[in-house]
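# Examination of the molecular architecture
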Amino acid sequence: MSLNESFLVLLISAAVLNGTPLLFGTVGEVLSERAGNLNLGVEGMMYMGGAVGLGAAYYYEQAAGAGASGLAAVTLAVLFAFLAGAFGALIYAFLTISLRANQNVTGLALAIFGTGAGQFIGEFMRVKAGGYVAIGNDLKAVFSGSPFPEALRQLPLVGPILFGHNIFVYLGVVIAAVMAWFLTRSRAGLHLRAVGESPATADAAGINITRCKYLATIIGGGISAIGGMVYIMTIAGCVWNHEGLSGEGWLAVALVIFCLWRPLNAVWGSVLFGGLMILYMRLQIPFIPSELYKILPYVVTVIVLVAVSMRKKRENQPPASLGNAYFREDR
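In what follows, the accompanying structure is described. Only a predicted model underlies this, so the values are computations on that prediction, with no experimental measurement involved.

Let's shift gears to the nonpolar core. If you look at the biggest cluster of nonpolar residues, it comprises 60 residues, and the most contacted ones within it are Ile135, Phe143, Phe168, Leu192, Met229, Ile232 and Met233. Per element, the largest residue contribution to this core is ten residues, and it comes from helix 11 (residues 209–235). If near-sequence neighbours (up to four positions away) are discounted, Ile232 is found in contact with Gly50, Leu54, Gly237, Cys238, Val239, Trp240, Asn241 and Leu245. One finds Leu251, Phe258, Phe273 and Met277 within the second-largest nonpolar core, a separate group that totals six residues.

Counting across every chain of the model gives two salt bridges. Close ionic contact of Arg126 with Glu123 constitutes a salt bridge, the shortest N to O distance being 2.9 Å. Residue Arg126 and its partner Glu123 are both found in helix 4 (residues 103–129); the two are separated by three residues, about one turn of the helix. Exposure remark for Arg126: the relative accessible area of 31% places this residue in the partly exposed category. On the basis of relative accessibility, which here comes to 24%, the residue Glu123 falls in the partly exposed class. As a salt-bridge pair, Glu150 and Arg153 come within 2.3 Å of each other at their nearest N and O atoms.

Position of Thr20 relative to the elements: it lies in helix 1 (residues 3–34). Those residues within four positions of Thr20 in sequence are excluded, and the remaining contacts are Phe168, Val169 and Val230.

With that settled, consider the packing of helix 2 (residues 42–64) against helix 12 (residues 248–258). At a minimum axis distance of 7 Å, the contact between helix 2 and helix 12 shows a crossing angle of 130°. Taken together, the axes of helix 2 and helix 12 are oblique relative to one another. Once helix 2 is placed against helix 12, the crossing between them reads as right-handed. For the pair helix 2 and helix 12, contact is made by Val42, Glu43 and Met46 and by Glu248, Gly249, Trp250, Ala252 and Val253, respectively.

Another aspect to go through is helix 11. Taking 1.5 Å of rise per residue, the 27 residues of helix 11 would be expected to cover 39 Å, and the 39 Å separating its terminal C-alpha atoms lies within 8% of that figure. When you tally the buried positions in helix 11, you get 21 out of 27 residues, the bulk of the element. Capping the start of helix 11, Asn208 holds a side-chain oxygen 3.4 Å from the backbone nitrogen of Thr210, two or three residues further along. Positive backbone phi, approximately 75°, marks Gly237, located one or two places after helix 11.

Let us now look at the packing of helix 2 against helix 4. Running from N to C, helix 2 and helix 4 point in directions that differ by 25°, and their axes come no closer than 6 Å. Considering the angle they form, helix 2 stands roughly parallel to helix 4. Our pair here, helix 2 against helix 4, has a crossing hand that is left-handed. Here Glu43, Gly44, Met45, Tyr47, Met48, Ala51, Val52, Gly55, Tyr58 and Tyr59 of helix 2 lie close against helix 4, whose contacting residues are Leu110, Ala111, Gly114, Thr115, Ala117, Gly118, Gln119, Ile121, Gly122, Met125, Lys128 and Ala129. Residues of the contact of helix 2 with helix 4, tallied by class, amount to 13 nonpolar, seven polar and two charged.

Of the residues making up helix 9 (residues 187–197), those classed as buried are Gly189, Leu192, Val195 and Gly196. One side of helix 9 holds all its buried residues, which, seen down the axis, span an arc of 115°. Put simply, Ser186 is the residue that caps the front of helix 9, since its side-chain oxygen is 3.0 Å from the backbone nitrogen of Gly189.

Considering all chains together, one arrives at seven aromatic pairs under this definition. Ring geometry for Phe143 and Phe168: centres 6.0 Å apart, planes at 25°, overall stacked. Of the two residues, Phe143 sits in helix 5 (residues 137–144) while Phe168 sits in helix 8 (residues 167–185), which places them 25 residues apart along the sequence. The residues Phe143 and Phe168 share a single accessibility class, namely buried. Relative to Phe273, the ring of Phe258 lies with its centre 5.2 Å away and its plane at 50°, an arrangement referred to as tilted. On the criterion of sequence distance, the pair formed by Phe258 in helix 12 and Phe273 in helix 13 (residues 263–282) is long-range, its members being 15 residues apart.

The rules we used
- Residues numbered from 1 in each chain as written.
- Predicted model: local features only at pLDDT ≥ 70, side-chain atom pairs only at ≥ 80, totals over all residues.
- Heavy atoms only, no water.
- Core = buried A, V, L, I, M, F, W, Y, C linked by side-chain atoms within 4.5 Å.
- Buried < 20%, exposed > 50% of the residue type's maximum accessible area, 1.4 Å probe, protein only.
- Helix = DSSP H or I, 4+ residues; strand = E, 2+ residues; numbered from the N terminus.
- Contact = heavy atoms within 4.5 Å.
- Salt bridge = Lys/Arg side-chain N within 4 Å of Asp/Glu carboxyl O.
- Axes fitted to C-alpha atoms, helices over the stretch in contact; angles between N-to-C directions.
- Parallel < 35°, antiparallel > 145°, perpendicular 65-115°, else oblique.
- Left-handed = near helix turned anticlockwise from the far one by under 90°.
- Expected span 1.5 Å × (residues − 1).
- Polar contact = N/O pair within 3.5 Å; in protein donor to acceptor, adjacent residues only side chain to side chain.
- Nonpolar A, V, L, I, M, F, W, Y, C, P; charged D, E, K, R; others polar.
- Arc of directions from axis to C-beta.
- Phe/Tyr/Trp six-rings, centres within 6.5 Å; stacked < 30°, edge-to-face > 60°.

Below you can see the structure in the form of C-alpha cells.
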C-alpha cells in the first residue's frame, strides 16, 4: 500500500470512527423531527446515554468478574443508554405534547438538564470507584474491535475501509436503513410523516397524533443517546470523560439539516462530518488555526441550508409542522 493510499485509509477510518456517534444522534433526531417535534436536547440525551451506558458495562463487569461476556456488556450498554435517552425524551414529550410547552425552550432545557445529569452520574461513578471508571482490556476490545475475521480486515485497501470498524458502525448503518424503509415504505411510517406535515389532516384521517408523537420522540431520543455511549466506549476508550461529548449533540442537530431529514443521507453525512472534525489533526496547515477547522461542519451545514432554501424543492424542506404544538380544538 502506497503512502497516499495509507493516508486515505487512515483518514477514512478516523472519519468513520468519529462520525458514528453523530450517526446515532442524527438518526434519532430525524425520527423525532419527522413527527414534528424539534428536540434540541440531543446533547443532553447523548451525555445521559454515555454515562449510563458506561455504568452498565462497568458494573456488569464488576459483578461478573473474569467471566464477563463481551456480548452481554455491549447489550447492556446499548440497552441502558437507550433507556436513559428515552427517559429524557419522555420528559420532553410530556412537556411539549401533553402540556404544549414551547419546543425550542424545552429542548434547550433538556440539553442543560441531560448534560448536568450525565456529568453528575459520570463523576459519581468516578468518585465511588476511587479514581476513574474504566472497563477491562478484554471488554474494551469487544467495544472497539471489528466483528469480522482477520482475513477480511487484511484485504488490500477495502479490508480496513469496509471490515475494520467497530460493531456500532454497522449497527448504525442498519438502523439508518431500517428507519429509511420505515419512513417511506411502511404504513406506520407514512402516518408519522403525515403527522409531521399536517397533524390536523392526520387527526381527521383517524391517526392517533399523541401516540405517534410520543413514540417517535421517545424512540428517537433513545437512539440518539446510544450515540453518546458509542463515543465513550470507542473514541474515549471506555473511560468517562465529562468534556469529551461537548458539542456532539449540536453537531447531530446540524447534520439533520445537512442530510435533509433522510436517514440514509445521515450515513455518508456522518462520515463527512467525522472527517471534518478530525481534519485539523490529519491535514495541518501552519497559518490556519485549528478552531477554523472545527467550525467546518457548521459552515457546510449553513451552505447546504442556503442552497436548499434557494431551490425551494418541497421534498428537501423540513416537516411543515416542525416545532409547532398541535391544538386539536383549532382544527
